[in-house]
Structure formats: C-alpha cells, structure tokens
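Listed below, chain by chain, are the residues.
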Amino acid sequence: METGEKKEMKQFITFEGIDGSGKSTISKEVYEKLKSEGYDVVLTYEPTDTMIGKYVQQCIKTQSDPFVTAFTFIADRIQHCKQIKEWLDVGKIVLCDRYAESTYSYQGAQLQNQIKNPIKWLQELSEDRIIMPDRTFLFVIQPKESLARIKHRDELVPFERLSFLEKVHTNYLKISKGERFLKLDGTKKIDEIVDICYKDIIQ
Ligand code: TMP
C-alpha cells in the first residue's frame, strides 16, 4: 500500500436498502463466499426470530401505531446486540441483513408527519445503545424497480407501497453519509456486487 497505512478487515457489516433492493440475496452470497474461503462468519438479520422480533413482525402486519413499531424495532435491536457482541468478542465476522438505518428510514417515514425531525429522534434514541457497524452497504435502486422485482411475492408487507418506499428511499440517501457507508448500484449483476462487498470486507 502506497501510504504505508495498515487497513483492517471489517468485522461487523450491515446490509441496507428498500424492499426488493437485493440485500438479502447479496448478504447470503457474501456469507457463503466468506465461509467457503475459511472465514468464521455469521449471517443474522432484523427483525430477529426472538419473541420481540416476532412481535415486531405483527406490528408491521397489523399496521400498529408507528411509535409502538419504532420502539419495538429498537428493543429488538438492543437485545440482538447482546448476541452480536458475543459473536464479535470471539472474533467472528457478523453480517446483518437490515439494522439501524432500516429503523431511521422506515420509521422515519412513518413518523414524518407526527413529530419534528423523526430521523434525528430515532437516532438519538438508539445510537448509544447499539453497536456501530464497521461498514454499511446501501443497495440503491429506484422504488418502482424494486417493487417490480417483488410484486410476485405471495405476501407483501404494508410497507411495500410505492409512495411509502419513495419516502424510505429518500431517507436512506439522506442518512447514508460518511465513511461507514458504501452505496452500491442495486441494479448491477449480483456476482459483481457480491465481489465488491467481499473485497471491501477482507480489504
Ligand atoms: P425484511 O423484508 O427485510 O424481512 O423486513 C421486513 C420489513 O420490516 C421491511 O419492509 C422493512 C421493515 N423494517 C422496518 O420498518 N424497520 C426496521 O428497523 C427493520 C429492521 C425492518
């Protein structure tokens, strides 16, 4: 390296994007690639499969009060972080399909007309209580295109409406600034994106 600076491998990586942006497919492939190369890696996701996570899924389906939904997503994450910390402490690479930026973008959109600056409010509520990722990949795709990809799914969640996803998309772009974020074109070939993510993680 020309600068002589030593780059460290990333350990906690999150995958973000609107529904249909490809993050679940890509996080799985990145996981498989790391595993096949001998890395000790875990793939996890939010909402989790715990009791709180299941309650969160109910909140989405029944279109609960947005404040209840927001608090429950954050509670699920705080609890999830205890498990993530255990994995990180023993040296595992942790990949997480959706994390904090999902709450800031989705619940930020839900709370848009209810409080002033909901994203800031949600960030302040959770940032000191969760683990900061080393890298967050944001898969960028136009909501119209992402909806076209997922319209065949049997059960679409209420968030998967164009007008709502447009707001979520805007929020994602607004908050994904700074060195932690790497924005990727979600319309590129999967193999190409997986390769970028893999190389970025192992440096
Ligand atoms: P999934 O499709 O990735 O399983 O996520 C289910 C839905 O939950 C998806 O529409 C995004 C939404 N969601 C939030 O609204 N806030 C959050 O914090 C998370 C993690 C997911």
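Description of the structure in this document. (Residues numbered from 1 in each chain as written. Predicted model: local features only at pLDDT ≥ 70, side-chain atom pairs only at ≥ 80, totals over all residues. Heavy atoms only, no water.)

### Quick look at the site of the ligand
Inclusion rule: Throughout this document, a residue counts as near a molecule or strand when at least one of its heavy atoms sits within 4 Å of that molecule or strand. Polar contact criterion, stated in full: a pair of N or O atoms within 3.5 Å, where within protein one must be able to donate a hydrogen and the other to accept it, and residues adjacent in sequence count only if both atoms are side-chain atoms. What sets the accessible areas is the Shrake-Rupley method with a 1.4 Å probe; for residues, cover comes only from the shown protein chains. In this text, helices come from DSSP runs of H or I with a minimum length of four residues, and strands from runs of E with a minimum of two, each type numbered from the N-terminal end.
In the vicinity of the ligand there are 14 residues, among which Asp 19, Arg 98, Thr 103, Tyr 106 and Gln 107 approach most closely. The contact in question runs from an oxygen atom of the ligand to an N or O atom on the side chain of Asp 19, over 2.8 Å. Within the contact set of the ligand, an oxygen atom lies 3.2 Å away from a side-chain nitrogen or oxygen of Arg 77. Considering the ligand on its own, with 480 Å² of exposed area, one finds that the protein chains cover 85% of that surface. Within the residue set of the shell around the ligand, elements represented by two or more residues are helix H3 (66-89) and helix H4 (100-110). In terms of residue count, H4 provides more of the shell around the ligand than any other element does, four residues in total.

### Quick look at the nonpolar core
Rules: Nonpolar cores were defined as sets of buried Ala, Val, Leu, Ile, Met, Phe, Trp, Tyr and Cys residues, with membership established by side-chain atoms within 4.5 Å. A simple rule labels every residue: compare its accessible area, found with a 1.4 Å probe on the protein chains alone, to the largest value its type can have, and call it buried under 20%, exposed over 50%, or partly exposed in between. Should any heavy atoms of two residues lie within 4.5 Å, those residues are considered in contact.
Of all hydrophobic cores here, the largest spans 18 residues; its most connected members are Phe 12, Ile 84, Val 94, Tyr 99, Tyr 104, Leu 122 and Ile 130. Examining the composition of this core, we find that six residues originate from one element, H3, more than from any other. Excluding residues within four positions of it along the chain, Leu 122 makes contact with Ala 70, Ile 74, Thr 103, Tyr 104, Gln 107, Gly 108 and Leu 111. Counting 17 residues, the second largest nonpolar core, distinct from the first, contains Val 30, Val 41, Val 194 and Tyr 198.

### Concerning the side chain of Thr 48
Within the secondary structure layout, Thr 48 lies in the loop between strand E2 (41-45) and helix H2 (51-61). Assessed through its relative accessible area of 6%, Thr 48 is described here as buried. At 2.8 Å, the side chain of Thr 48 and the side chain of Thr 50 are in polar contact. Looking at Thr 48, its side chain comes within polar contact range of the side chain of Asp 76, at 2.5 Å. Other than its neighbours up to four places away in sequence, Thr 48 contacts Gly 53, Lys 54, Gln 57, Asp 76 and His 80.

### A short note on a negative patch on the surface
Here is the rule we go by: The patches reported here contain residues having more than 30% relative accessible area and no salt bridge. Joining distances are 9 Å for like charges and 5 Å for nonpolar side chains (Val, Leu, Ile, Met, Phe, Trp, Tyr). Criterion for a salt bridge: a side-chain nitrogen of Lys or Arg within 4 Å of a carboxyl oxygen of Asp or Glu. Positive: Lys, Arg. Negative: Asp, Glu. His and the chain ends are not part of the count. Where a charge sits is defined by one atom per residue type, namely NZ (Lys), CZ (Arg), CG (Asp) or CD (Glu).
Together, Glu 29, Glu 32, Glu 145, Asp 185, Asp 191 and Glu 192 make up a region of like negative charge exposed at the surface. Listed by contribution, the elements that provide at least two residues to the negative patch are helix H1 (23-36) and helix H8 (190-202). Mapped onto the elements, Asp 191 comes out in helix H8.

### A word on the sheet that holds strand E1 (residues 12-17)
Either a parallel or an antiparallel arrangement is found when strands of a sheet pair, and the pairing is made through backbone hydrogen bonds. Under the convention used in this document: At least two bridges found by DSSP between two strands are what make those strands a pair. To obtain an axis, a line is fitted to C-alpha atoms, over the contacting stretch when the element is a helix, and the angle between two such axes runs from 0 to 180 degrees between their N-to-C directions.
Pairing within the open sheet is parallel, and its five strands lie in the order E2-E3-E1-E4-E5. The sheet is open, and its two edges are formed by E2 and strand E5 (181-185), each paired on a single side. Along the sheet, successive strands turn relative to each other by an average axial angle of 20°, direction set aside. Looking at chain direction, E1 and strand E3 (residues 93-97) are connected through four bridges and run parallel.

### Notes on the pattern of salt bridges
One pass over the structure, following the stated rule, counts twelve salt bridges. Ionic pairing is found between Lys 92 and Asp 40, a salt bridge with its closest N-O pair at 3.2 Å. Taken together, the residues span a long stretch of sequence, with Lys 92 in the loop between H3 and E3 and Asp 40 in the loop between H1 and E2 at a distance of 52 residues. Using a relative accessible area of 40% as the deciding quantity, one classes Asp 40 as partly exposed. Glu 101 is paired through a salt bridge with Arg 180; the nearest N and O atoms lie 2.9 Å apart. One end of the pair, Glu 101, is in helix H4; the other, Arg 180, is in the loop between helix H7 (162-175) and E5, and 79 residues separate them in sequence. With a relative accessible area of 4%, Glu 101 lands in the buried category. Residue Arg 180 is classed as buried on the basis of its relative accessible area of 17%. In this structure, a network of salt bridges that share partners links the residues Lys 10, Arg 135 and Asp 200.

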